[in-house]
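# Observations on the three-dimensional arrangement
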Amino acid sequence: MLKNYLTTALRSLSRHKFFSFINIFGLAIAMSICLGIIMLVADQLMYDRYNTKRDRIYRIASTIVSPDGSPSGNTTATSPMPLGHELLENYTGVEKVVRIKRNFGNPWIEFDQDVNVPLSGFFVDPEFLDLFEYELEYGDAKTALIEPYTVVLSKAAAEKLFTEENPVGKTIKVGDKGTYTITGVLKKTDKKSHIVFEGVASMASYRSLQAIGVFKKEIETNWHNYWNTWTYVLLEKDKTPEDLQVSLTKIYDKRIAIEKNPDILKGRLSIQSLTEISPGVFMNNPIGPFLPWIFIYFFAGLAGVIMLTSCFNFTNLSIARSLTRAREIGVRKVSGAARWQIFTQFLSESVVISMLALGLALVFLMAVKPLMLNLTFARVLKWDLEANIYVYGCFFVFAFVVGLLAGFFPAVVLSGFQPIKVLKNFGTMKLFSKMGLRKTLLVAQFSLSLIFILTVIVIYNQLDLFIKADHGFDMKNNIAVRLNNSSASALKTELNKYPNILSVASVSHILASSSTYGTSFKKSLDEKEWNSLDYYSVDENYLKNLNLSLIAGRNYSEEAGESNKNFILLNEKAVTSFNYKSAIDALGQVIIMKDDSSTYEIIGVVKDYNHQMLVAKIDPLVLLYKPKDYSLLQVKYSRDQASAVKIIETSWSKVNPGLKLDYITLEEEIHRFYDTIFSDLVNIVMVISFLAILISCLGLLGMATYTTETRIKEISIRKVLGSSDSSLIYLLSKGFVGILLIAILIAVPSAYFLNNLWLTHVAYHTTFDFAVIATGVSILVVFGVITIGSQTMRATYVNPVENLKSE
């Protein structure tokens, strides 16, 4: 019986080639997007699954609580550094604890006679390799991370640093963190871990660096520093996560909650299974790139809309073709076929179409995969989207389910035909009213398409606004040079020798590029509340370099030298946050920094400018003179960029011979965030919009073709009676034009509401105006008119004689 169903299905597809093509092609396009999402989820679900102890490994996270003890919503993947020792020494049920500490590695490390290359990594406990089951190609895993100043490299890092196959015993100098001996090299593997590093140094190295003052000693005993250490726990085999959570609650009550100072943050401790980290819930301070579930839901939602649109097509065309198959169904039923057999026949046709679409979708997927991998966040998350037998199994099941869902309703409708009615009144039989299911589905398809089109226009306009907006400072003709622990003053002196260089400023961060320092101040020790502010470390040339204006007071002075450290500059928002009456009133006042209780005299007030990304409003900001924080030089030049770069390269080679130059223009760095987030979003939504309208137009094409074919005799009679070509085109098109108008009336207010939901959260945002609506509607109308016109124009070429000679 199954063979008969399949044979009949293939014959039906062959007999109706055009409609079959539309169904298969539409489903294949939608499926290719869905298959990409399946591969994405499968790729993320492979993280850490190789670990045989994965069901007993948990990461301890911290959730900062409000003064009343309620969660603040700020959850970080890190936890206090003394937590690991406390669990091992005073609580049962924990077999191993591994701490991973940031701050190892350096933008540049030195080896082999001052050659410099980048290296990133962590300080880790000796059990790190065993807990996460890293295998060494060279070295002994049991002893590799015990002694101070020892490091284990990834295979890729070892190949980058050394020409020897086995570099164990060699040394590298890591900035101001000392010289390290290579004690191990990891094997290359396809296994995925959420922890990304090029090298890991022993925790004993960290303690040695504490002893000589490179790192603060109190971090190892500070229960209120939640941002520098990741803590992983291996439970004993007979213990449960609930047992661990009970211990963490006791530790919170004993070590953290007892703090009486209201200014010190308190963080509740919670656990996260190793297999729930990626994909997982969003947390601050991740140890490596991971994909939050919210992004998977977002991508799946987009794919679902496309899939739904394609299924609408299938249902639409299947119902449209029902009249041509009504007699076949009637004959089958008269011959003894039961309804379930007719139902199964049509459902099997749907599954066959879905499987054929799957084959075509795999071809589309291979074509679009390089484009997916080229997305910025795909590179950050290190997607490879490799398929395996399980992924292909998911593909097959997905296609089978799509076939069942797409074909279910048409199968129910068609199998319900009454033999007497379809055989007796076949010519006059009507299934649906004028605004029945078929037209409703077309309206839904085009409404979704227009919503996507309008959304991509809004996102593009928003990106354009970010790129062209006035941030309140001059970023033109400015190059940021990363110092990489080299001397800022020496390079500045060399650059100032050239007349083409207008200004050189030392700074801690590139402003408006998503990163700042942050701390708290208050006007006197008697005040209870601290005032949280962003801050940059800058020198006396910073304001001139960016063309920033002082509205009161003075700038830092080059002649003042180190005494500049006693002064501070505020922006206008900071003046307001301290409740000073005016900028003039703030001058000469003294404020206290929370970090080290230092006092600063306010010497100047800077006009507000967007030191943060334009997503956020201007916040209070202070500018400090702290040379130890300088990590960049901003070089303002007068002529062409090529000449300026050549000057920078020459000066760098004189001051830092052997050290590689690393620079970027201010504009590129500031716009990088917008390009990363909004450009990718524009591309994704644009592709989805194109696919949605393409699938909708395919459905419209099929319906227009069907309408023309079923009314061919009516058209012939009208032509014989003298109807003009324009009247025939109007007759055949008016129903479809009405569908487009209804879709526009539904989509425009819907898109306006949906886009304003996110636009209101952006400080500087574009508007959903008439120009957006006119552009989106015009695109939809053009596609719709071309699709409808391609078939209705055929009516003008109908030969009445050929179509009526048998009547």
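Residues numbered from 1 in each chain as written. Predicted model: local features only at pLDDT ≥ 70, side-chain atom pairs only at ≥ 80, totals over all residues. Heavy atoms only, no water.

## A look at helix H2 (residues 17-45)
Compared with the 42 Å implied by 1.5 Å per residue over 29 residues, the 40 Å span of H2 between its first and last C-alpha is a close match. Counted residue by residue, H2 has 23 buried out of 29 residues, so it is predominantly covered. (Helix = DSSP H or I, 4+ residues; strand = E, 2+ residues; numbered from the N terminus. Expected span 1.5 Å × (residues − 1). Buried < 20%, exposed > 50% of the residue type's maximum accessible area, 1.4 Å probe, protein only.)

## Let's talk about the packing of H2 against helix H10 (residues 339-373)
Two quantities define a packed helix pair, namely the angle between the helix axes and the distance between the axes. Relative orientation of the contacting elements H2 and H10 amounts to 55°, with a least axis distance of 7 Å. The pairing of H2 with H10 is recorded here as oblique in orientation. In the crossing of H2 with H10, the sense of the turn from one axis to the other is right-handed. Within the contact between the two elements, H2 uses Asn-23, Ile-24, Phe-25, Leu-27, Ala-28, Ile-29, Met-31, Ser-32, Leu-35, Gly-36 and Met-39 and H10 uses Ile-353, Ser-354, Leu-356, Ala-357, Leu-358, Leu-360, Ala-361, Leu-362, Phe-364, Leu-365, Lys-369 and Met-372. (Axes fitted to C-alpha atoms, helices over the stretch in contact; angles between N-to-C directions. Parallel < 35°, antiparallel > 145°, perpendicular 65-115°, else oblique. Left-handed = near helix turned anticlockwise from the far one by under 90°. Contact = heavy atoms within 4.5 Å.)

## Comments concerning the packing of aromatic side chains
A complete count under the given rule lists 24 aromatic pairs for this structure. Between Phe-521 and Tyr-600, the aromatic rings sit 6.4 Å apart at their centres with planes inclined by 70°, giving edge-to-face as the arrangement. Of this pair, Phe-521 sits in strand E14 (residues 517-522) while Tyr-600 sits in strand E19 (residues 599-606), and the two are 79 residues apart along the sequence. Summarising the burial analysis for this pair, Phe-521 and Tyr-600 share the class buried. Grouped by ring-pair contacts, the aromatic residues Phe-104, Phe-123, Tyr-149, Tyr-180, Tyr-206 and Phe-215 constitute a single cluster. In this structure, Lys-101 is placed above the aromatic ring of Phe-215, and the distance from its NZ or CZ to the ring centre is 6.0 Å. (Phe/Tyr/Trp six-rings, centres within 6.5 Å; stacked < 30°, edge-to-face > 60°. Lys NZ or Arg CZ within 6 Å of the ring centre and 35° of its normal.)

## Observations regarding a negative patch on the surface
A grouping of Glu-236, Asp-238, Glu-242 and Asp-243 is seen on the molecular surface, where their side chains present a negatively charged patch. As for its placement among the helices and strands, Asp-238 is situated in the loop between strand E10 (229-235) and helix H7 (241-256). (Patch = residues over 30% accessible without salt bridge, like charges linked within 9 Å, V, L, I, M, F, W, Y side chains within 5 Å. Areas by Shrake-Rupley, 256 points an atom, 1.4 Å probe, with all protein chains shown as cover. Salt bridge = Lys/Arg side-chain N within 4 Å of Asp/Glu carboxyl O. Lys, Arg positive; Asp, Glu negative; His and termini not counted. Charge placed at Lys NZ, Arg CZ, Asp CG, Glu CD.)

## A word on the nonpolar core
Ranked by internal contacts, the top residues of the largest apolar core, which has 82 residues, are Met-31, Met-307, Phe-446 and Leu-450. Elements supplying a minimum of two residues to this core: H2, helix H8 (293-320), H10, helix H12 (389-415), helix H14 (437-468), helix H20 (666-710), helix H22 (725-759) and helix H23 (770-792). Excluding residues within four positions of it along the chain, Leu-450 makes contact with Ala-743, Ile-744, Ala-747, Val-748, Gly-776, Val-777 and Leu-780. The next biggest cluster of nonpolar side chains, apart from the first, holds 45 residues, and it includes Ala-480, Leu-548, Leu-633 and Ile-664. (Core = buried A, V, L, I, M, F, W, Y, C linked by side-chain atoms within 4.5 Å.)

## Some thoughts on the pairing of strand E13 (residues 501-507)
Along a regular strand, successive side chains alternate from one face of the sheet to the other. Buried residues dominate E13, accounting for six of its seven residues. Here E13 runs beside strand E21 (residues 632-637); their pairing, made up of six bridges, is antiparallel. Looking across to E21, one finds that Val-507 is bridged to Leu-632. (Pairing = 2+ DSSP bridges.)

## Considering the confidence of the model for the protein
Averaged over all residues, the pLDDT of the protein is 82; the fraction at 70 or higher stands at 86%. pLDDT under 50 marks residues 111-115. Its contacts with residues more than four places away, or in other chains, come to nine contacts. This model gives residues 426-435 a pLDDT under 50, and the stretch forms 17 contacts once residues within four places in sequence are excluded. (pLDDT = per-residue confidence, 0-100.)

## Observations concerning the pattern of salt bridges
Inspection of every chain in the model, using the stated rule, returns 24 salt bridges. Of the charged contacts in the structure, one is a salt bridge between Lys-53 and Glu-133, with a shortest N-O distance of 3.1 Å. With a gap of 80 residues between them, Lys-53 in the loop between H2 and strand E1 (57-65) and Glu-133 in the loop between helix H4 (128-131) and strand E5 (136-139) connect regions that are remote in the sequence. What makes Lys-53 buried here is its relative accessible area of 15%. Taken together, the shared-partner salt bridges connect Glu-86, Lys-254 and Arg-255 into one network.

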